[in-house]
Number of protein chains: 2
Amino acid sequence: MPTHYKGTKEEVTVLNVFIKLTRSTESLFQYLSIKLKRYGITEAQFGVLEMLYHLGPLQQNQIARKLLRSRGNITFIIDKLEKMNLVKRVVDAEDRRCTEVYLTPKGEALIKKIFPMHLKEIVSIFSVLNSNEKQLLEKICKKISKRILTQKEDKPQ
Amino acid sequence: MPTHYKGTKEEVTVLNVFIKLTRSTESLFQYLSIKLKRYGITEAQFGVLEMLYHLGPLQQNQIARKLLRSRGNITFIIDKLEKMNLVKRVVDAEDRRCTEVYLTPKGEALIKKIFPMHLKEIVSIFSVLNSNEKQLLEKICKKISKRILTQKEDKPQ
DNA sequence: CTTAAACAATTTAAGTCTAAACGATGCCGA
DNA sequence: TCGGCATCGTTTAGACTTAAATTGTTTAAG
């Protein structure tokens with residue numbers, strides 16, 4: 001369902017790409033989120049567990065920066081994970097303002113089990129792309145990310 | 001920041017593409033959402049106004065389907081827009097279960113003003129892509145959307 | 001020292017979203 | 001015609017998110 005907007009050729013093209021990108025990523029994330037719900041966790045919770053699993057213990061502010069979420073939100077997510085005994089908080093002895101977040105054995109067991117299944121879903125979806133397309137998509141995404149950063153710097157706030 | 005996951009080459013490749021896609025689209029939507037906030041509306045509200053502007057009056061359930069949102073959420077969004085006098089609800093005389101949503105003159109004036117500015121932001125971001133890349137991105141997104149649909153049908157719920 | 005500024009995490013208030021249940025309406029076969 | 005089923009919009013409860021204010025800690029300047 002392309003746009004009905006009448007503008008320059010360039011505008012119409014961009015708008016169509018943008019709409020396709022929006023639709024496809026939204027349905028992708030909705031789809032994956034439904035799959036994760038089976039295991040009793042949300043996408044955000046999975047994101048934290050996966051990060052701790054592959055990068056090791058992290059401070060909350062590091063997690064916030066990496067996941068593009070507010071610190072308040074990370075507090076909320078870690079609260080939930082801690083209640084489920086999947087992670088534990090340890091106050092940093094060096095700098096008592098910071099808390100390090102660790103996977104518990106239960107948390108590690110869970111992410112160890114879930115991650116491969118989740119990855120399988122993603123691989124299955126991306127299997128419609130040939131290796132050239134995957135490579136190009138990665139390149140395009142990098143360009144867009146970079147562009148947004150410079151755009152932000154140009155006219156901040 | 002690529003993944004630290006050790007798996008097959010295929011898995012590592014897909015995971016990297018997926019991460020890049022996630023990061024870039026999230027920062028894209030966050031960026032655009034901040035821009036819209038200047039005009040006192042949210043992305044979701046903009047989506048409804050833009051849809052009505054380009055497609056004409058629509059029923060709430062049509063809007064829900066097109067925007068991939070729940071019907072309850074559309075009720076919520078239309079409530080807000082109606083309070084701001086940007087849209088009005090009219091019960092369908094043919095089928096009194098349905099309500100048609102119309103832009104008010106004020107709503108039309110607003111979207112008429114905002115849309116070109118918003119489009120300019122999007123065009124500016126996508127200007128880092130050459131026309132071949134834009135074309136490819138659109139093709140790739142279509143493929144992914146289609147893949148998700150068939151995936152859903154295969155193992156529903 | 002002491003105090004001000006910077007920073008980490010938490011709390012709070014407000015907003016947005018979904019799923020599920022509900023009431024009203026329309027459709028259709030018996 | 002009537003009774004059951006489907007569909008529409010709304011309501012509700014609960015989850016998630018951010019921004020801003022708050023608390024506690026560190027750092028650095030006087």
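Residues numbered from 1 in each chain as written. Chains lettered and ligands numbered in written order. Predicted model: local features only at pLDDT ≥ 70, side-chain atom pairs only at ≥ 80, totals over all residues. Heavy atoms only, no water.

Asker: Just checking my understanding: could you explain unusual backbone geometry for this structure?
Answerer: Peptide bonds are trans in most cases, and residues, glycine excluded, mostly fall at negative phi. Phi is positive for A:N85, which is not a glycine, with a value near 60 degrees. Following the sequence through the fold, A:N85 ends up in the loop between α4 (71–83) and β2 (87–91). A residue is classified by how much of its surface remains accessible, and A:N85, at 49% relative accessible area, is partly exposed. For B:L68, which is not a glycine, the phi torsion comes out positive at approximately 60 degrees. Along the polypeptide, B:L68 turns up in the loop between α3 (60–67) and α4 (71–83). Note on B:L68: relative accessible area 32%, which makes it partly exposed. (Helix = DSSP H or I, 4+ residues; strand = E, 2+ residues; numbered from the N terminus. Buried < 20%, exposed > 50% of the residue type's maximum accessible area, 1.4 Å probe, protein only.)

Asker: Explain the interface of chain B and chain A here, please?
Answerer: Interface size is often expressed as the accessible area that is lost when the parts come together. If you look at the interface, chain B gives 60 residues, while chain A gives 61 residues. Overall, the association of chain B and chain A removes approximately 6500 Å² of surface from exposure, summing both partners, and the carbon and sulfur fraction of that is 72%. The largest contributions to the chain B side of the interface with chain A come from B:V17, B:F18 and B:L68, which together make up 9% of the buried area. Seen at the junction of chain B and chain A, the total is eight salt bridges. Across the pair A:K134 and B:E10 runs a salt bridge whose closest N-O atoms are separated by 3.3 Å. The interface formed by chain B and chain A includes 11 residue pairs in polar contact (both at pLDDT 80 or more). Only α1 (9–37), α2 (43–55), α3, α5 (105–126) and α6 (131–154) of chain B provide two or more residues apiece to the side of chain B that touches chain A. In terms of residue count, the dominant contributor to the side of chain B that touches chain A is α1(B) (22 residues). Counted by class, the side of chain B that touches chain A contains 29 nonpolar, 13 polar and 18 charged residues. (Contact = heavy atoms within 4.5 Å. Buried area = accessible area lost by both parts, 1.4 Å probe. Salt bridge = Lys/Arg side-chain N within 4 Å of Asp/Glu carboxyl O. Polar contact = N/O pair within 3.5 Å; in protein donor to acceptor, adjacent residues only side chain to side chain. Nonpolar A, V, L, I, M, F, W, Y, C, P; charged D, E, K, R; others polar.)

Asker: Looking at this model, I keep getting lost on empty space enclosed by the protein. Mind explaining?
Answerer: Empty space left among the atoms is revealed by rolling a probe the size of a water molecule over them. Here the structure, examined in full by the defined rule, presents two cavities of 30 Å³ or more. There is about 40 Å³ of room inside the largest cavity. A:L21, A:S24, A:T25, A:L28, A:L137, B:L21, B:L137, B:I140, B:C141 and B:I144 are the residues that line the largest cavity. For the lining of the largest cavity, the secondary-structure elements that each account for two or more residues are α1 (9–37) of chain A together with α6 of chain B. Each residue belonging to the lining of the largest cavity can be placed in one class, and the counts come to eight nonpolar, two polar and no charged. Together, A:L21, A:L137, A:C141, A:I144, B:L21, B:S24, B:T25 and B:L137 line the second largest cavity. Among the secondary structure elements, those contributing two or more residues to the lining of the second largest cavity are α6 (131–154) of chain A together with α1 of chain B. (1 Å grid on protein atoms, 1.4 Å probe; cavity = no way out; pocket = protein on both sides within 12 Å on 5 of 7 lines; lining within 4 Å. Points joined across faces, edges and corners; volume = space filled by probe spheres on them.)

Asker: Can you walk me through the protein's contact with DNA strand C in this structure?
Answerer: By nearness alone, 22 residues border DNA strand C, and A:Q60, A:N61, A:T75, B:R69 and B:D95 come closest of all. Among the atoms of DNA strand C lying within 4 Å of the protein, the sugar-phosphate backbone contributes 75%. Between DNA strand C and the protein, one listed contact pairs a phosphate oxygen with a side-chain N or O atom of A:Q60 at 2.8 Å. Every element with two or more residues in the surface near DNA strand C is listed here: α3 (60–67) and α4 of chain A together with α4 of chain B. Among the elements that make up the surface near DNA strand C, the one with the highest residue count is α4(B) (four residues). Of the residues belonging to the surface near DNA strand C, the class tally is five nonpolar, eight polar and nine charged. (Near = heavy atom within 4 Å.)

Asker: I keep staring at the sheet that holds strand β1 (residues 58–59) of chain A and nothing clicks. Help me out?
Answerer: Within a sheet, neighbouring strands are paired by backbone hydrogen bonds and run either parallel or antiparallel to one another. All names here are of chain A. The three strands are arranged β1-β3-β2 in an open sheet whose pairing can be described as antiparallel. With partners counted over all chains shown, the strands left at the sheet margins are β1 and β2, one partner each. Taken together, the five bridges between β2 and strand β3 (residues 99–103) define a ladder with antiparallel strand orientation. From the neighbouring strand, V91 faces β3, where its bridge partner is T99. Against the sheet, α4 makes contact with β2 and β3, and its axis sits at roughly 120 degrees relative to β2, the strand it touches most. (Pairing = 2+ DSSP bridges. Axes fitted to C-alpha atoms, helices over the stretch in contact; angles between N-to-C directions.)

Asker: For this particular structure, what's the right way to read the relation of the copies chain B and chain A?
Answerer: Here the two chain copies are tied together by a rotation about an axis and a shift along that axis. The two copies are related by a screw operation: chain B maps onto chain A through 180 degrees of rotation and 0.0 Å of translation along the axis, at an RMSD of 0.1 Å. Viewed as a symmetry operation, the transformation between the two copies matches a two-fold axis. Minimal C-alpha separation from the rotation axis in chain B is found for B:L137, amounting to 3.4 Å. Comparing interface residues between copies, 100% of those in chain B also sit at the interface in chain A, which points to an isologous, same-surface contact. (Least-squares fit on C-alpha atoms with pLDDT ≥ 70 in both.)

Asker: Would you mind going over the side chain of B:Q59 with me for this structure?
Answerer: All names here are of chain B. Tracing the backbone through its elements, the reader meets Q59 in strand β1 (residues 58–59). Its relative accessible area of 17% is what places Q59 among the buried residues. The contact partners of Q59, leaving out residues within four places of it in the chain, are D92, C98, T99 and E100.

Asker: What's the story with the protein's contact with DNA strand D in this structure? I'm lost.
Answerer: With respect to spatial proximity, 23 residues lie near DNA strand D, and among them A:T42, A:R69, B:N61, B:R71 and B:T75 are the closest. Taking A:N73, its side chain carries an N or O atom lying 3.0 Å from a phosphate oxygen of DNA strand D. Here a phosphate oxygen of DNA strand D sits 3.3 Å away from a polar atom, N or O, in the main chain of B:T99. For the surface near DNA strand D, the secondary structure elements donating two or more residues are α4 of chain A together with α3 and α4 of chain B. Broken down by element, the surface near DNA strand D gets its largest block of residues, four residues, from α4(A).

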